[in-house]
Amino acid sequence: MNRTFLICLTAVGVFAGTVVAGPLYDPFLERFQVGTYNDPETMVMEEGFPSELLDPVEVDAIWLAAAHRVLDAGDAGSAPFPNGQLLTRCLAPSGETGWFARMRDVLRQLESGTLGDLLNQDTDPLLAERAARNVSHLLQNGRVMQAAAGAIRLRDKGKDLGLSDREIFVWDLRAKLLFGLAGNKRSGANRSWPSMLDLGSFDSRSAWALWVAHCRHTDHPVLPEPMAVEKWGRHLARLSRTWISPEELYGSGLPPDFKSGLGAVMFKGAPRDAHFLKYPDPPADSSLQGLWIRGRRLQSGGDPATYEKLAMRADLRPAWRMDVWRRASELRLLKGQWEEGLEDMRQALQLAAAGHGHRSTRRRLRQWNEQALVLALAQDDLQTAQHLRDLGLEYFQGDEREAFLRETGHWNDRLIPGETSVSGIPEGLPSQAQGVVESGRATDLGPVAENRRENFLQATGQSLWELWIKWGVTLANPEAVQGQKRERAILYRQALEDMRQNTGPVSMESAALGIVADRLGNHDVFPRMLEQAFDRDVGQVCDWKTPPRASAVPGLLRQLRSSELDRHALLGFAIALGDMRGILAVAVDLEGRGLTLEEKRRFLYPLPDSDAIGAAILEAGSDPALLLAVARNESLFE
């Protein structure tokens, strides 16, 4: 089995857990999230929608029991945790706000499936969960019209309620189905599902499969008039499969250029051959032209001569011609056809030297130049390797030439008599690691060494609080602002200095959350922060049998654009909760004044604490750093 695939499987096992976490279990949402609905041919449809769409949304019994324990601990002034810390209480002391008493009312409504008259504002705790549970409760009692109104509210107010784009899409489908079941006449041929336009790539594929199944079941055109616009055409271009027939594409209202580009990648075999007879010339638009070219390449079956003929076309943009020449060179050299492959590379390099190509395609050309050089060295063909190096130095200019020199420097001892290889770039760990990988000196993956586990444990124990204080003291510069902002900056800096001088390591979280509450307690984001703190406490009480919901911090960050100090306070909140995604999101957004590059990297590459994620990493067979790298790259620790 492919080693990378094994690593990814391990990472999925460590970080996935239950897919939809938090107070509620939504069976359809969970199935949608893991890709169950990715083929319209396998779906069971009723009324044009999946038969399971209205499966009841239930309260998670484990979460509920743990929530009651957290509330009891909050009332008692103590916590049932090994470290004696109740983060919700630190953020909102019940004696001052009555928040714990209010949450008891919220949980009663969650259990009963009803929404109270007094707790129905957008800032109320768990309002989205209560509203979702209420829709199922109304349906179970035959009140379809009221359930439809509840689903519509969840769809329309989803952003304000903190729902993800995925959840909003699912509630949009439920609203449409319930609206019809309530006896209302649905709109005709002009309808579409625009909520799928906001989804990520994985969810978009499932959403499109649902749309196709819906259209087939209702005898509705897959590409109706509202989809005959550019935004839908570009959305379709991102999908790996559309189930659209030539008749449906050609009969749609999409502009000809979109039909030309989309058909080139949608169709295979004879339909694709017929498509290129219908559209023999590429679209003028750059991205659509890229689709048309990709279809031509797929049609060729990897024949380099066809690539070369394509690259010679004068009606292709020079950027795409450069990319096709590079690909032709790859095919030639990998087949051992060095003379033709080197000529193809020269053609690509000439276009690059003239300034053509996107940043990414130019980088790939530079990388292929080095890879071809390594291929020649592997065959002990020093003369060709030196020629490839000379080609790069001849055609790359400025920063690209400097990058090429750095990237090929570790081959100097073989390419240039009397030279020594450049073993790495002394600009920090990432550059050194890149040099190790590119020079082929990276060791094969194997079982993790025990000292790596020990290093990981030691690293996770290193607190970020000192660096957080240092960062905040620099940002809280009263000389840079006037009026009330100056006063608030002075108070914030003083609070951080007091925390540094008077707080021991054990109580850092409590002190930080007090500063956070003082800074953001009256801001619109604070209720959502309280919910996340409560949810984190619940997860700890139940030993993470019901993991916390996704971090709210990236969404809240958008509401704090006007103040660096507000965002710094939000970072402290994320650190206190061990919210790796939240730490990363704020650290990327916040200017790094006051920290060295290595110090800021502590936030950009956060480590888990001793919770379920940290424990699972230690139990896995792979290197902890590798698992964290995969999780960071694939989902930003989602």
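Our structure's up above, just so we're on the same page.
This text gives an overview of the structure that appears in the document. Fair warning: this is a prediction, and the values are worked out from it, not measured in the lab.

## Quick look at the overall build of the protein
Argument step 1. Summing up its helical and strand segments, the protein has 34 helices and four strands in all.
Argument step 2. Taking all 638 residues of the protein together, the buried fraction comes to 47%.
Argument step 3. Across the protein, every contact between residues at least 6 apart in sequence was considered, and the portion connecting residues at least 24 apart equals 65%.
Argument step 4. When the accessible area of the protein is evaluated, it comes to approximately 30,300 Å², of which 50% is carbon and sulfur surface.

## Points about the packing of helix α6 (residues 99–112) against helix α7 (residues 127–140)
Argument step 1. Where α6 contacts α7, the two axes come as close as 8 Å, and the packing angle between them is 30°. Classified by the angle between their axes, α6 and α7 sit roughly parallel to one another. As for how α6 packs across α7, the hand of that crossing is left-handed. In contact with Val 106, Gln 109, Leu 110, Glu 111 and Ser 112 of α6, α7 contributes Glu 129, Arg 130, Arg 133 and His 137.
Argument step 2. In the contact of α6 with α7, the residues fall into two nonpolar, three polar and four charged.

## Description of helix α11 (residues 230–237)
Argument step 1. Taken together, the buried positions of α11 are Trp 232, Gly 233, His 235 and Leu 236. Looking straight down α11, one finds that the buried residues subtend no more than 160° of arc, so they occupy a single side.
Argument step 2. Buried residues along α11 sit in contact with α10 (201–218) and α13 (256–266).

## Section: the nonpolar core
Nonpolar side chains in soluble globular proteins tend to end up buried together.
Argument step 1. Residues Leu 91, Trp 468, Met 529, Phe 573 and Phe 603 are the most contacted members of the largest nonpolar core, which totals 97 residues.
Argument step 2. The residues touching Phe 603, leaving out its near neighbours within four places in the chain, are Leu 464, Leu 467, Trp 468, Trp 471, Leu 571, Ile 575, Ile 583, Leu 584, Ala 587 and Leu 595.
Argument step 3. One finds Leu 29, Val 170, Val 212 and Cys 215 within the second-largest nonpolar core, a separate group that totals 39 residues.

## Describing the pattern of salt bridges
Argument step 1. Evaluation of the coordinates by the stated rule reveals 36 salt bridges.
Argument step 2. The shortest N-O distance in the salt bridge between Asp 156 and Arg 155 comes to 2.8 Å.
Argument step 3. By relative accessible area, which is 52% here, Asp 156 ends up exposed.
Argument step 4. What makes Arg 155 partly exposed here is its relative accessible area of 25%.
Argument step 5. Across the pair Glu 531 and Arg 549 runs a salt bridge, and its minimum N-O distance is 3.6 Å. Of the two residues, Glu 531 is situated in helix α28 (residues 526–541) and Arg 549 in the loop between α28 and α29 (553–557); the sequence distance between them amounts to 18 residues.

## Details of the packing of helix α14 (residues 269–278) against helix α15 (residues 286–300)
Argument step 1. Between α14 and α15, whose axes approach to 11 Å, the crossing angle comes to 130°. When the axis of α14 is compared with that of α15, the two are oblique. With respect to the hand of their crossing, α14 and α15 are arranged in left-handed fashion. Two secondary-structure elements touch here, α14 through Arg 272, Asp 273 and Phe 276 and α15 through Trp 292, Gly 295, Arg 296, Leu 298 and Gln 299.
Argument step 2. Per-class residue counts for the contact of α14 with α15 are three nonpolar, two polar and three charged.

## Quick look at the packing of aromatic side chains
Argument step 1. Scanning all chains against the criterion turns up 14 aromatic pairs.
Argument step 2. Taken together, a centroid distance of 5.0 Å and an interplanar angle of 70° make the contact between Trp 193 and Trp 211 edge-to-face. Of the two residues, Trp 193 is situated in the loop between α9 (165–181) and α10 and Trp 211 in helix α10; the sequence distance between them amounts to 18 residues. The pair formed by Trp 193 and Trp 211 is uniform in burial state, with each residue classed as buried.
Argument step 3. Their ring planes at 45° and their centres at 6.1 Å tell us that Tyr 250 and Tyr 279 sit as a pair that is tilted.

## Here we look at α6
Argument step 1. Its 14 residues place the ends of α6 20 Å apart at the C-alpha level, agreeing with the 20 Å of an ideal helix rising 1.5 Å per residue.
Argument step 2. Where α6 is concerned, the buried positions are Trp 99, Phe 100, Met 103, Val 106, Leu 107, Gln 109 and Leu 110. Mapping the buried residues of α6 onto a view down its axis gives an arc of 165°, with all of them on the same face.
Argument step 3. Phi turns positive, to about 80°, at Gly 113, one or two residues after α6.

## Topic: the environment of Pro 624
Argument step 1. In this fold, Pro 624 is placed in helix α34 (residues 624–635).
Argument step 2. If near-sequence neighbours (up to four positions away) are discounted, Pro 624 is found in contact with Val 448, Arg 452, Phe 456 and Ile 617.

## Things to note about the environment of Leu 571
Argument step 1. If you trace the backbone, Leu 571 turns up in helix α30 (residues 564–577).
Argument step 2. With a relative accessible area of 0%, Leu 571 lands in the buried category.
Argument step 3. Along the chain, Leu 571 and Ala 585 lie 14 residues apart, while their C-alpha atoms are 8.7 Å from each other.
Argument step 4. When near neighbours in sequence (up to four residues on either side) are disregarded, Leu 571 contacts Trp 468, Trp 471, Ile 583, Val 586 and Phe 603.

## What about unusual backbone geometry?
Argument step 1. The phi torsion at Glu 47 lies on the positive side, around 55°, for a residue other than glycine.
Argument step 2. Residue position: Glu 47 is located in the loop between β2 (45–46) and β3 (49–50).
Argument step 3. Its relative accessible area of 46% is what places Glu 47 among the partly exposed residues.
Argument step 4. The backbone of Trp 243 shows a phi angle near 60°, a positive value even though the residue is not glycine.
Argument step 5. Overall, Trp 243 belongs to the buried group, its relative accessible area being 16%.

The rules behind these values
- Residues numbered from 1 in each chain as written.
- Predicted model: local features only at pLDDT ≥ 70, side-chain atom pairs only at ≥ 80, totals over all residues.
- Heavy atoms only, no water.
- Helix = DSSP H or I, 4+ residues; strand = E, 2+ residues; numbered from the N terminus.
- Buried < 20%, exposed > 50% of the residue type's maximum accessible area, 1.4 Å probe, protein only.
- Contact = heavy atoms within 4.5 Å.
- Areas by Shrake-Rupley, 256 points an atom, 1.4 Å probe, with all protein chains shown as cover.
- Axes fitted to C-alpha atoms, helices over the stretch in contact; angles between N-to-C directions.
- Parallel < 35°, antiparallel > 145°, perpendicular 65-115°, else oblique.
- Left-handed = near helix turned anticlockwise from the far one by under 90°.
- Nonpolar A, V, L, I, M, F, W, Y, C, P; charged D, E, K, R; others polar.
- Arc of directions from axis to C-beta.
- Core = buried A, V, L, I, M, F, W, Y, C linked by side-chain atoms within 4.5 Å.
- Salt bridge = Lys/Arg side-chain N within 4 Å of Asp/Glu carboxyl O.
- Phe/Tyr/Trp six-rings, centres within 6.5 Å; stacked < 30°, edge-to-face > 60°.
- Expected span 1.5 Å × (residues − 1).

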